[in-house]
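# Tertiary structure, described
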Amino acid sequence: DTTMLRASRFALASLLHARGADDESCVNPLLGEAGYFDLFNVDDFRFPGVTGDGTSWTAFTDMELGFYEDSYTGMTFTDDGFLVYGEDNYGGSPFVNQSLPDTALPNNVAAMLWQDMVVTYDASTKAGVSLASAGDLAIAQFDDMRLFRDPDGELGTYDYQVFQIDGSRDVVVAFGDLDGPLGNV
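Figured I'd write up the structure that's included with this text. Each chain carries its own residue numbering, running from 1 in the written order of its sequence. Note on the predicted model: pLDDT of at least 70 is required for a residue's local features to be given, and 80 or more for side-chain atom pairs to be given and counted; whole-chain, interface and lining totals, by contrast, use all residues. Hydrogens are left out, water is left out, and the side-chain values use all remaining heavy atoms of the structure.

## Quick word on the overall build of the chain
Going along the chain from the N terminus, every DSSP run of H or I of four or more residues is numbered as a helix, and every run of E of two or more is numbered as a strand. For the chain, the helix and strand inventory stands at 0 helices and 10 strands. For the chain, the α and β elements follow one another from N to C terminus as β-β-β-β-β-β-β-β-β-β. Put simply, 55% of the contacts in the chain that link residues at least 6 apart link residues at least 24 apart. For every accessible area listed, the method is Shrake-Rupley and the probe measures 1.4 Å; residues are considered covered only by the protein chains on display. Surface accessibility of the chain: about 8,700 Å² in total, with carbon and sulfur atoms responsible for 47%. Between two residues, a contact is recorded if the distance between any of their heavy atoms is within 4.5 Å.

## Digging into the pairing of strand S8 (residues 137–147)
Exposure classes here rest on a 1.4 Å probe applied to the protein chains alone. A residue is buried below 20% of its type maximum, exposed above 50%, and partly exposed in between. Taken across its 11 residues, S8 has 11 buried, putting it largely inside the fold. Any two strands with at least two DSSP-identified bridges between them are counted as paired. Of the pairings in the sheet, the one linking strand S6 (residues 117–118) to S8 comprises 2 bridges and is antiparallel in character. For Val-118, the partnering residue across the bridge sits in S8 and is Arg-146. Inspection of the sheet shows strand S7 (residues 128–134) paired to S8 by 7 bridges, in the antiparallel sense. Paired with Ser-133 across the strands is Ala-138, a residue of S8. Taking the residues that link successive antiparallel strands as the turn, the S7-S8 hairpin has 2 residues, and the phi of Gly-135 there is positive, at about 65°. Where S8 and strand S9 (residues 158–165) come together, 7 bridges link them in antiparallel fashion. Looking across to S9, one finds that Leu-137 is bridged to Ile-165.

## Quick word on the sheet that holds strand S3 (residues 70–78)
Here we have 4 strands laid out as an open sheet, ordered S2-S3-S4-S5, and antiparallel in their pairing. Here the strands that pair on one side only, and so sit at the sheet edges, are strand S2 (56–67) and strand S5 (109–111). Direction aside, the axes of adjacent strands within the sheet are offset by 25° on average. Taken together, the 3 bridges between strand S4 (residues 82–84) and S5 define a ladder with antiparallel strand orientation. Of the residues in S5, the one forming a bridge with Leu-83 is Ala-110. Note on geometry: axes are lines fitted to C-alpha atoms, helical ones only across the stretch in contact, with angles between N-to-C directions running from 0 to 180 degrees.

## What to know about the environment of Gln-98
Within the secondary structure, Gln-98 is located in the loop between S4 and S5. Residues Gln-98 and Val-185, 87 residues apart in the sequence, show an inter-C-alpha distance of 9.8 Å. Not counting the four nearest positions on each side in its chain, Gln-98 is found in contact with Ala-104, Leu-105, Pro-106, Asn-107 and Trp-114. A polar contact of 3.2 Å, which involves the side chain of Gln-98, links it to the backbone oxygen of Ala-104. Any N or O atom pair separated by 3.5 Å or less is treated as a polar contact, with the protein-specific requirement of one donor-capable and one acceptor-capable atom, and with residues adjacent in sequence counted only for side-chain atom pairs. Engagement of the side chain of Gln-98 in a polar contact is seen with the backbone oxygen of Pro-106, the distance being 3.1 Å.

## Observations regarding the nonpolar core
Nine residue types can take part in a nonpolar core, namely buried Ala, Val, Leu, Ile, Met, Phe, Trp, Tyr and Cys, and a core is a set of them joined through side-chain atoms within 4.5 Å. Among the nonpolar cores identified, the biggest contains 30 residues, and Met-75, Phe-77, Leu-83, Phe-142, Tyr-160 and Val-162 are the most heavily contacted of them. Ranked by residue count, the leading element in this core is S2, at 6 residues. Leaving out residues up to four positions away in the same chain, Tyr-160 has contacts with Tyr-36, Gly-81, Met-112, Leu-113, Met-117, Ala-140, Gln-141, Phe-142, Met-145, Ala-174, Phe-175 and Gly-176. Leu-137, Ile-139, Val-172 and Ala-174 belong to the second-largest nonpolar core, a separate cluster that totals 7 residues.

## Overview of unusual backbone geometry
Of the consecutive residues Leu-105 and Pro-106, the connecting peptide bond is found in the cis state with omega at 0°. Structurally, Pro-106 can be placed in the loop between S4 and S5. Phi is positive for Phe-60, which is not a glycine, with a value near 60°. If you trace the backbone, Phe-60 turns up in strand S2. We note that Tyr-68 has phi near 55°; this positive angle belongs to a residue other than glycine. Along the chain, the position of Tyr-68 falls in the loop between S2 and S3.

And the structure:
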């Protein structure tokens, strides 16, 4: 079952209980309808160097991606299931989800699956982070994300995607397979 969420000027964390598939405006920009489109259907866009725990990466630095009322250069994503916008907003104890709003770092976050996870690259299982763009559309796909305490994925894994459009403040999240524990999200 696929769940789509769309947020414009709202923290995604406050929308996690909504089923975006019931909302006509919640569509996957690649499909034009609610659903999860696996980028592997097109090609392998994974980045083998995007692995680890307790870190963040920035992609799409040629795009201005919005969050709330502001625009930021690029998309900064973490191994712990959230995006962070703006310099100096990542830090603290990012592996511990917190109440929002909170003055402690990290701040300015779009939290899809905020919990202590790790990015693993494995060519044989397609685990890893894929980054792709199509015109003004930025796509980050997270495949087989695992809890930090479960590096082999024995408790389950998580697949999700984030879409943002250059110059827009909309964030679209599509959830694929979520067969890991969700109790701490």
